[in-house]
Amino acid sequence: MAEPRPLTDEERQTYEWQIWTADFGEAGQERLKGASVLVSRCGGLGGVVAYQLAAAGIGRLILAHAGNVRPNDLNRQLLMTHEGLGKSRVESARRRLQELNPRLEIDAVPENISESNAGRLVGEADVVVDCAPLFEERFLMNREAVQQNKPLVDCAMYDLEAHLTTIVPGKTPCLRCLYPEKPPAWRREFPVFGAVSGTVGCLGAMEVIKLVAGFGETLAGELLTCDLREMTFRKMKINRRPDCPTCGG
Ligand SMILES: [Zn+2]
C-alpha cells in the first residue's frame, strides 16, 4: 500500500465524522489520502464505488470506462446525467466526482479493460475494483491483480442478486478459483435496478476503505451473496482450486 499522506485542517474538518470511527481515526484517513484505486467501469456499480471513495477522501482514482452515455444508462449509472447523453461516460464521471471532491486526483481513461491496458492500469493502483459486466474483463483484472500482488474487490450483479468478494493474492483463492470458466448462460445486458447496483457499490467501497486503512474484517476468501428480492444475505467460503489457471500450481 502507498505511503499515508498528512491531512490539511480543511480535510480534517471534511472527514471529521468518519475520523470519529475509533479503529479508523486520523491514521486511517491519511492512508486513504495516500492511496490510488482503479475502478474498472464506472457505471451502475463502479460509479457508486467511485462516488463513495471520492466522498471518503481517497487520494487518487483511476477510472476505466469506454463509450458515451445512453438513455438506458440513467436508471442506475448515478454519475451520468441527462445533460451528458451522447457524451463520454468517463468524463461525466470525472465531472461529478470533482464537484463532490475537488481535491481528488482523477485519471479518466476512456477505455474498457483489455489485454493492451490491464497491466499498466493495475500497476498504477494500490487496490483494484472490478465492476465489469463481462467475464473476459473480470478474468483479465483477476490475472493482473494476482500477478502484480494487488488486492482486488470483485463486484457483480444480476436481476436482484449481487455477489461480492475480496481477493488478496497469495492469501485467498482468486476469481478463477470461483469461476474456472465464463458461465455459459451469462449475458451482457440483464435486468437490474439502480438500488441493486448501488447496494453492491456501497459494499464494495467499504471493502476498499477497510483494505486501504487496515481495519475491520474484509470478505477475503469469502463470497457474499445478496438476494434483494428475498432480502437474504449469505457468506460462503471460497475454496482454492489446485488446478486454477490463474493462481494454481
Ligand atoms: Zn485461482
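Scope of this entry: the structure provided in the associated data block. Only a predicted model underlies this, so the values are computations on that prediction, with no experimental measurement involved.

Donor atoms from the polypeptide that bind the zinc ion are Cys 174 (SG), Cys 177 (SG), Cys 244 (SG) and Cys 247 (SG), placed at 2.3 Å. Classification of the site at the zinc ion rests on its four donor atoms, whose angles at the metal span 96 to 126 degrees, yielding the label tetrahedral. Counting along the primary sequence, the residues that act as donors to the zinc ion give the motif C-x2-C-x66-C-x2-C. Linking Cys 177 in helix H8 (residues 175–178) with Cys 247 in the segment after strand S8 (232–237), this pair joins segments that are 70 residues apart in sequence. Take Cys 177: its relative accessible area is 3%, and that puts it in the buried class.

Between helix H3 (residues 25–34) and helix H9 (residues 194–213), whose axes approach to 8 Å, the crossing angle comes to 105 degrees. Looking at the two axes, H3 sits roughly perpendicular to H9. Contacts between H3 and H9 involve Gly 28, Arg 31 and Leu 32 from the former and Ile 209, Val 212 and Ala 213 from the latter. For the contact of H3 with H9, the per-class residue count stands at four nonpolar, one polar and one charged.

With that settled, consider the sheet that holds strand S1 (residues 36–40). The eight strands are arranged S3-S2-S1-S4-S5-S6-S7-S8 in an open sheet whose pairing can be described as mixed. Sheet topology places strand S3 (105–109) and S8 at the edges, where each strand pairs with a single neighbour. Sheet twist, expressed as the average angle between the axes of neighbouring strands with direction ignored, equals 15 degrees.

In this structure the tally under the stated criterion is zero disulfides. Lacking any disulfide linkage, Cys 42 is separated from the closest cysteine sulfur, that of Cys 131, by 9.1 Å. Residue classification places Cys 42 among the buried positions, given a relative accessible area of 0%. In this structure Cys 226 is not part of a disulfide, and its nearest cysteine sulfur, from Cys 155, lies 10 Å away. Among the residues examined, Cys 226 registers a relative accessible area of 5% and is labelled buried.

For the rest of this paragraph, the subject is the layout of surface pockets. Empty pockets left among the atoms are what a rolling probe the size of a water molecule brings to light. The calculated volume of the largest pocket comes to roughly 470 Å³. Lining the largest pocket are 25 residues, and of these Arg 76, Gln 77, Pro 133, Arg 188 and Phe 190 lie nearest its centre. Those elements giving two or more residues to the lining of the largest pocket turn out to be helix H4 (44–56) and strand S5 (152–158).

Applying the stated criterion across every chain yields a total of five aromatic pairs. When the centroid spacing of 5.6 Å and the interplanar angle of 65 degrees are considered together, the rings of Phe 135 and Phe 139 count as edge-to-face. With Phe 135 and Phe 139 both in helix H7 (residues 135–148) and four residues apart, the pair spans about one turn of that helix. With a centroid separation of 5.2 Å and 80 degrees between ring planes, the pair formed by Phe 135 and Tyr 179 is classed as edge-to-face. Of the two residues, Phe 135 is situated in helix H7 and Tyr 179 in the loop between H8 and H9; the sequence distance between them amounts to 44 residues. When its relative accessible area of 16% is taken as the criterion, Tyr 179 is described as buried. Ring-pair connections join several aromatic residues into one group, and the members of that group are Phe 135, Phe 139 and Tyr 179. The ring of Phe 135 carries Arg 138 above its face, with NZ or CZ at 4.6 Å from the centroid.

Our next topic: H4. Its 13 residues give H4 an end-to-end C-alpha distance of 19 Å, which sits within 8% of 18 Å, the value for a rise of 1.5 Å per residue. Counting buried residues in H4 gives 10 out of 13 residues, a clear majority hidden from the surface. Taken together, the buried positions of H4 are Gly 44, Leu 45, Gly 46, Gly 47, Val 48, Val 49, Ala 50, Leu 53, Ala 54 and Ala 56. Positive phi appears at Gly 57, one or two residues downstream of H4, with a value of about 90 degrees.

All right, on to the side chain of Ser 40 then. Along the chain, Ser 40 turns up in strand S1. Discounting residues that sit within four places of it in the chain, Ser 40 has contacts with Ala 64, Ile 113, Val 129, Asp 130, Cys 131, Ala 132, Glu 137 and Met 141.

With that settled, consider the side chain of Glu 207. When you line up the elements, Glu 207 lands in helix H9. A relative accessible area of 4% places Glu 207 in the buried class. Only 2.7 Å separates the side chain of Glu 207 from the side chain of Thr 166, close enough to count as a polar contact. Side chain to side chain, Glu 207 and Lys 210 meet in a polar contact 3.0 Å long.

Quick notes on the rules
- Residues numbered from 1 in each chain as written.
- Predicted model: local features only at pLDDT ≥ 70, side-chain atom pairs only at ≥ 80, totals over all residues.
- Heavy atoms only, no water.
- Donors = N, O, S within 2.8 Å, 3.2 Å for Na, K, Ca; no water.
- Tetrahedral: all angles 85-135°; square planar, octahedral: opposite > 155°, others 65-115°.
- Helix = DSSP H or I, 4+ residues; strand = E, 2+ residues; numbered from the N terminus.
- Buried < 20%, exposed > 50% of the residue type's maximum accessible area, 1.4 Å probe, protein only.
- Axes fitted to C-alpha atoms, helices over the stretch in contact; angles between N-to-C directions.
- Parallel < 35°, antiparallel > 145°, perpendicular 65-115°, else oblique.
- Contact = heavy atoms within 4.5 Å.
- Nonpolar A, V, L, I, M, F, W, Y, C, P; charged D, E, K, R; others polar.
- Pairing = 2+ DSSP bridges.
- Disulfide = S-S within 2.5 Å.
- 1 Å grid on protein atoms, 1.4 Å probe; cavity = no way out; pocket = protein on both sides within 12 Å on 5 of 7 lines; lining within 4 Å.
- Points joined across faces, edges and corners; volume = space filled by probe spheres on them.
- Phe/Tyr/Trp six-rings, centres within 6.5 Å; stacked < 30°, edge-to-face > 60°.
- Lys NZ or Arg CZ within 6 Å of the ring centre and 35° of its normal.
- Expected span 1.5 Å × (residues − 1).
- Polar contact = N/O pair within 3.5 Å; in protein donor to acceptor, adjacent residues only side chain to side chain.

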